[in-house]
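# Breakdown of the fold
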Amino acid sequence: MPRLPRHHFPTMRLRLRRMLIGPQTLAFLPAIALGAFWLGGEEWLIATALGLPLAFGLLGGFSTLGAQALRPCDGVTGLPLRGSLETAARTTMSGTLSDRSATACFMIAIDDFDVTTERYGRTAADHILQKSADRIRSVLRDQDVTCRIGSASFGIALAPVMRLDIESAIHMASRLQAALEEPVVLDNTVIYISVSVGFCLGSRAPDPSGEGLIAAAATALAEASRNAPSAIRSYSDELRRTERSRHIFADEAAAALENGEIHPHFQPQVSTDTGRITGFEALARWNHPERGPIAPMDFLPVLESAGKLARLGEVMLSRSLTALRAWDDAGLDVPGVAVNFSPDELRNPKLIDYVQWELDRFDLAPGRLSVEVLETVIAASPEDVVARNVNGLARLGCRIDLDDFGTGHASIASIRRFAVQRIKIDRSFVMKVDRDAEQQRMVAAILTMAERLGLDTLAEGVETPGEHAMLAQLGCGHVQGFGLGRPMPFEATADWIRAQAATVEDPPRITGGNG
């Protein structure tokens, strides 16, 4: 970052404070006392003993000295921890109120740092943190305070300057982001990261205190992280209102999950060869008592941010197996149920034992549970706990379905490493497959690859008879989508199963055509 203009440097009063009360002053206290005694005897020594504490008190010395001398530092980056950020923010905010200077708090988070750590290991992660700390220091001035405030996040309290507007703050945020996103090289491996930045000007803080400034910057960072990668957000009153609404919604979603308001709806999966049902996929649905049905794309990210996806997974698995047991008891032919497993669940070291316990509880064979894993998860997960869990579930006897195939760039090697048994072709390839020759070639290539690898196939998002017929002609084994049946509550599944069975007593063979 270019050197700031002269009017951006701290006021003379703040310079004097730093000069008089810096940590180095402690080393000279014995010499000062000895000199006072030598020059003026006991009277001067007493005066010095009384005067120095008074001077420190007037300049705020003891509070800052104590914090600087005793504040612990992070063992990886060498940076002070969050307490130092709070102290610095309080000091700068009080200074700006008295001399009309300006300040800001910046917060920086490395995007998807957990994934980076899993991919490259703890040593590489620590190296990234060390380099990030060095790069932050290179952009800032010596007077600015930088702290490590989380596993992959940093906080900055900008020392007071005489002028600081939103454009200058955005420029600084961009400089910090650019510096941190430079590739990191470790043992001939080039690692690329992205960072999100949130900041708040002292003049925009809702509460004119250090705590208020930090909280506002944290709100801006949360918004930036939701728009990651490489997002920058500034705190504003509207952002505060949005964040408050989001918190209320998050609380409602968490309560709905615990109260059973978020529960599975079941979408049928059908064989293209026989027309018979081969299973149901369990999909989370929430019917809000006041707002009505809320789309999964709206509440799932909220639960994820609140760390509730693992809990949602427990609810979905339990209620899905409950449904499968109920279908059996009613004499209905449902071969199995498919349940989506989130990355949070797949990182649980006790996942296999938990799934085994649930299957035993309902007296169900493992082969009747399909574990759906997003292709993006497999593409981002090397040999780690995710791979061990997926392969462990496959050894248990569960079916492994690779969801949204074609969107996550998983390699053939990773498909084999994760013991995948069926790929679910994403809707983007299925749409208009009966009318688009390019789509037909893409689906045909996927199906050929799956056949060569010995994998079963299911096409998602089938909406028209033409798409259904073309997929059958191309050789896709199973289909699912609104054209066959929408996700339905458990209470509606029995009638659908009986109606579907009645239509396939003498199942027609679909010979294709272009729909």
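Throughout this document, residue positions are counted from 1 along each chain, in the order its sequence is written. Note on the predicted model: pLDDT of at least 70 is required for a residue's local features to be given, and 80 or more for side-chain atom pairs to be given and counted; whole-chain, interface and lining totals, by contrast, use all residues. For side-chain calculations, the full set of non-hydrogen atoms in the structure is used, while hydrogens and water are omitted.

## Quick notes on a nonpolar patch on the surface
For clarity, the cut-off: Residues enter a patch when their relative accessible area is above 30% and they make no salt bridge; the linking distance is 9 Å between like charges and 5 Å between nonpolar side chains (Val, Leu, Ile, Met, Phe, Trp, Tyr). Note on areas: these come from Shrake-Rupley sampling with a 1.4 Å probe, and a residue is covered only by the protein chains present in the view. Just to be clear on terms, a salt bridge is a Lys or Arg side-chain nitrogen sitting within 4 Å of an Asp or Glu carboxyl oxygen. Strands are runs of DSSP state E lasting at least 2 residues, helices are runs of H or I lasting at least 4, and numbering of each runs from the N terminus.
Judged by side-chain polarity, Val185, Val190 and Tyr192 come together as a nonpolar surface patch covering roughly 320 Å² of accessible area. Considering the arrangement of structural elements, one finds Val185 in strand β4 (residues 184-186).

## Details of the sheet that holds strand β2 (residues 145-150)
To keep things clear, this is the line we draw: Any two strands with at least two DSSP-identified bridges between them are counted as paired. In this analysis an axis means a line fitted to C-alpha atoms, helices contributing only their contacting stretch, and an angle means the value between N-to-C directions, from 0 to 180 degrees.
A sheet is described by the order of its strands in space; here 5 strands give the open sequence β2-β3-β1-β6-β7, paired in mixed fashion. Edge positions in the sheet fall to β2 and β7 (232-234), since each of these pairs with one other strand and no more. Averaged over all pairs of adjacent strands, the angle between their axes in this sheet comes to 20°, without regard to strand direction. For β2 and strand β3 (residues 153-157), the ladder comprises 5 bridges, and the chain directions are antiparallel. Its bridge partner being in β3, Gly150 is matched across the sheet by Ser153.

## Remarks on the pattern of salt bridges
The following threshold applies: With a 1.4 Å probe rolled over the protein chains alone, any residue whose accessible area is under 20% of its type maximum counts as buried; one over 50% counts as exposed, and the rest are partly exposed.
For the coordinates displayed, the defined rule picks out 31 salt bridges. Residue Asp401 pairs with Arg422 through a salt bridge whose shortest N-O separation is 2.8 Å. Of the two residues, Asp401 sits in strand β13 (residues 399-405) while Arg422 sits in strand β14 (residues 422-425), which places them 21 residues apart along the sequence. We classify Arg422 as buried; its relative accessible area is 4%.

## Regarding the side chain of Thr146
Test applied: It only takes one pair of heavy atoms within 4.5 Å for two residues to be counted as in contact.
By secondary structure assignment, the location of Thr146 is in strand β2. Residue classification places Thr146 among the buried positions, given a relative accessible area of 9%. Not counting the four nearest positions on each side in its chain, Thr146 is found in contact with Leu79, Pro80, Ile136, Leu140, Gly155 and Ile156.

## Structural notes on the packing of aromatic side chains
Basically, it comes down to this: The criterion for an aromatic pair is that two Phe, Tyr or Trp rings (for Trp, the six-membered ring) have centres within 6.5 Å, with stacked assigned to planes under 30 degrees apart, edge-to-face to planes over 60 apart and tilted to the rest. A ring is considered to have a charge above it if a Lys NZ or an Arg CZ atom is located within 6 Å of its centre and within 35 degrees of its normal.
Scanning all chains against the criterion turns up 8 aromatic pairs. Three or more aromatic residues joined by ring pairs form one cluster here, namely Phe266, Phe280, Trp327, Phe490 and Trp496. One cation-aromatic arrangement involves Arg486 over Phe482; the distance from NZ or CZ to the ring centre is 4.0 Å.

## Points about the confidence of the model for the protein
Here is the rule we go by: The quantity known as pLDDT measures the predictor's confidence residue by residue, on a range of 0 to 100.
Per-residue confidence for the protein gives a mean pLDDT of 84; residues scoring 70 or more make up 82%. When the criterion is pLDDT under 50, residues 56-70 qualifies, and its contacts beyond four places in sequence or with other chains add up to 21 contacts. Segment residues 507-515 is flagged for pLDDT under 50; beyond a separation of four residues in sequence, or across chains, it makes 15 contacts in the model.

## Considerations on the environment of Ile400
By secondary structure assignment, the location of Ile400 is in strand β13. Under the relative-accessibility criterion, Ile400 is labelled buried at 0%. Considering only alpha carbons, one finds Ile400 and Ser370, 30 residues apart in sequence, at a separation of 5.7 Å. Excluding its chain neighbours within four sequence positions, the residues that come into contact with Ile400 are Val371, Val390, Leu393, Ala394, Phe418, Ala419, Val420, Gln421 and Arg422.

## Digging into the packing of helix α11 (residues 309-329) against helix α20 (residues 490-503)
Keep this limit in mind: Each angle is binned into one of four classes, with values under 35 degrees roughly parallel, values over 145 roughly antiparallel, values of 65 to 115 roughly perpendicular, and all other values oblique. Left-handed describes a crossing whose near helix is turned anticlockwise from the far helix through less than a right angle; right-handed describes the clockwise counterpart. Here the term charged refers only to Asp, Glu, Lys and Arg, the term nonpolar to Ala, Val, Leu, Ile, Met, Phe, Trp, Tyr, Cys and Pro, and the term polar to all other amino acids, Gly among them.
For the pair α11 and α20, interaxial distance at closest approach is 11 Å and the crossing angle is 40°. As summarised for this structure, α11 and α20 are arranged oblique, according to the angle between their axes. Seen along the crossing, α11 lies across α20 with a hand that is right-handed. Counting all contacts with α11, which are made through Ala323, Ala326 and Trp327, the residues of α20 involved are Phe490, Thr493 and Ile497. The residue makeup of the contact of α11 with α20, split by class, is 5 nonpolar, 1 polar and no charged.

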